[in-house]
Amino acid sequence: MKRFWMLIFYSITFFVATAQPKPKSQQLAWHDMEFYLFMHFGPNTFTDLEWGHGNEKEEIFNPENLDCNQWCRIAKAAGAKGIIITAKHHDGFCLWPSKYSKHTVRESKWKNGKGDVLKELSAACKKYGLKFGVYLSPWDRNHPDYGTAKYNDVFVNMLKEVLTKYGSVWELWWDGANGEGPNGKQQIYDWHRFEQTVRKLSPQTVVFSDIGPDIRWCGNENGTAGITNWNYLDTAGFKRGAGAPPQDTLNAGNANGKNWIPAECDVSIRPGWFWHKNEDDKVKTPETLFDLYLKSVGRGANLLLNVPPDQNGLITMYDSLALMGFKKLLEHNFKNDLAANAKVRNTADQFERVIHLGLPAVKKINCLVLEEDIKNGQAISNFYFQLRNSKKLQSFQGTTIGHKRIITFPAMDADYISLHLLNPKQKVSIKSIKAYLIGEDLIQP
Ligand code: FUL
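Report on the accompanying structure.

Analysis parameters
- Residues numbered from 1 in each chain as written.
- Predicted model: local features only at pLDDT ≥ 70, side-chain atom pairs only at ≥ 80, totals over all residues.
- Heavy atoms only, no water.
- Phe/Tyr/Trp six-rings, centres within 6.5 Å; stacked < 30°, edge-to-face > 60°.
- Helix = DSSP H or I, 4+ residues; strand = E, 2+ residues; numbered from the N terminus.
- Buried < 20%, exposed > 50% of the residue type's maximum accessible area, 1.4 Å probe, protein only.
- Near = heavy atom within 4 Å.
- Polar contact = N/O pair within 3.5 Å; in protein donor to acceptor, adjacent residues only side chain to side chain.
- Nonpolar A, V, L, I, M, F, W, Y, C, P; charged D, E, K, R; others polar.
- Arc of directions from axis to C-beta.
- Contact = heavy atoms within 4.5 Å.
- Pairing = 2+ DSSP bridges.
- Axes fitted to C-alpha atoms, helices over the stretch in contact; angles between N-to-C directions.
- Parallel < 35°, antiparallel > 145°, perpendicular 65-115°, else oblique.
- Left-handed = near helix turned anticlockwise from the far one by under 90°.

## As for the packing of aromatic side chains
The final tally for this structure, using the stated rule, is 29 aromatic pairs. When the ring of phenylalanine 46 is compared with that of phenylalanine 61, the centres are 5.6 Å apart and the planes differ by 70 degrees; the resulting orientation is edge-to-face. Residue phenylalanine 46 is located in helix α3 (residues 44-47), and its partner phenylalanine 61 is located in the loop between α3 and α4 (68-78); the two are separated by 15 residues in the primary sequence. Pair check on accessibility: phenylalanine 46 and phenylalanine 61 agree, each one buried. Site record: aromatic cluster; members linked through ring pairs are Tyr146, Tyr151, Phe155, Trp174, Tyr189, Trp191 and Phe194.

What follows is the structure, given as structure tokens:
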């Protein structure tokens, strides 16, 4: 019985007329990934550029000490659950020896042209129990066929290579950028065919782009999801890239959207996406990373944190130290669930459903972590909670919960917490309610 309250599932049920979209099993698993790393790596690492022109000499790519085990060791120690690598960025350079390009690791000096970053990284991810994901830019400033129908074949063939040669690809990342190629022409992407290719070859892969089909962009590159964040999105009439829904819609989702397409927050640990020497002293602090975690994972989205390897092919000590500091903050601040032994009671009337938690003793609390059970959809649109002691009562309001909702507030002594769910859209299940006292200095507006 003693851990009974920790395991209890607070279920409250009632019905609405319309059925909501639900996550597919691989999307549900994706939600639990919460935090993973992005790695921007390629010729730009050597030229100090963010967008390569596509005419960089292949020989400049020579990360002599490249060690994907080091990347994975650091990712694992930081608590990240996977790595997504820029297999091809806009400059067209392929980090694997693609048969469909002459601008690849094979033409570089690295390992005398015998190297394959995707092979090394996928093997290291497997070894360390991390998921392996691939960013593949359709925009290609190098490929001679870009801007012609033939390039769609090239891109499909590249997709086939990355999806079939390196074991299971967990997430595929599509950038919507659609600039000019080496001939000054723009490409008309055959997205339908690209999607069909992925679904056929690797149905378990979750596909990210501005508008999914599986995961959507959160609408900014600051790493912050909307305070209201629905996992639903309407995509009819929208396109990837310039034709995408407005950024604030991507940030908040659509309350009654037709598709389950949750938000992913991509952000770099440095000002740029690629490594630049003059940004070694501009790496985000552990406290800033913690704040980003609260504003992404803590708003029901996932955090994709970019940590770019340097010219040696290694994560620098600056980035690594910041990541270890971040991990320590997470562990330390979310160690003691002050509501773990609470007595739980459910009540309901025609206006609200309430979960009451009676704590065994008065505790100082400034953070609640709420989880909604989303396997049948996302239901909660309006809630408030109260903290009480014998002298004082304080109320705080919120909108959506979703996979996880972390709410911070001025610390208060309380031995009673109640969560009030107002007008939920359908069957509602709260998976867990946890309470913490986190560092006051970590609470930002
Ligand atoms: C953007 C790209 O243009 C940036 O270079 C970077 O890769 C970012 C994650 O996506 O659209």
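## Some details on the site of the ligand
Around the ligand sit Phe38, His40, Trp51, His89, His90, Tyr135, Trp173, Asp175, Glu221, Asp266 and Trp273, and those are all the residues in its vicinity. Taking histidine 89, its side chain carries an N or O atom lying 2.9 Å from an oxygen atom of the ligand. Partitioning the shell around the ligand into residue classes produces five nonpolar, three polar and three charged.

## Some details on helix α7 (residues 191-201)
For α7, every residue scored as buried is listed here: Trp191, Phe194, Thr197 and Val198. Burial along α7 is one-sided: seen end-on, the buried residues are contained in an arc of 125 degrees. Summarising the geometry of α7, the exposed residues directed more than 90 degrees from the buried face are His192 and Lys200. Tucked inside the fold, the buried residues of α7 contact α6 (149-164), β5 (171-173) and β6 (206-209).

## Describing the sheet that holds strand β7 (residues 215-217)
Within the closed barrel, the eight strands sit side by side as β2-β3-β4-β5-β6-β7-β10-β11. Their pairing is parallel. Sheet twist, expressed as the average angle between the axes of neighbouring strands with direction ignored, equals 25 degrees. Where strand β2 (residues 35-39) and strand β3 (residues 82-88) come together, three bridges link them in parallel fashion. Opposite phenylalanine 38, over in β3, you have isoleucine 84 as the bridge partner. Relative to strand β4 (residues 131-136), α6 is tilted by about 170 degrees, and along the sheet it contacts β3, β4 and β5.

## Some words on the pairing of β2
Counting buried residues in β2 gives five out of five residues, a clear majority hidden from the surface. Here four bridges tie β2 to strand β11 (residues 302-306), and the two strands are oriented parallel to one another. Among the inter-strand pairings, phenylalanine 38 is bridged to a residue of β11, identified as asparagine 306.

## Here we look at the packing of helix α9 (residues 286-295) against helix α10 (residues 317-333)
Between α9 and α10, the shortest axis-to-axis distance is 8 Å and the interhelical angle comes to 55 degrees. One finds that α9 runs oblique with respect to α10. Of the two elements, α9 crosses α10, and the hand of that crossing is right-handed. Of α10, the residues touching α9 (which contributes Pro286, Glu287, Leu289, Phe290 and Tyr293) are Ala322, Gly325, Phe326, Leu329, Leu330 and Asn333.

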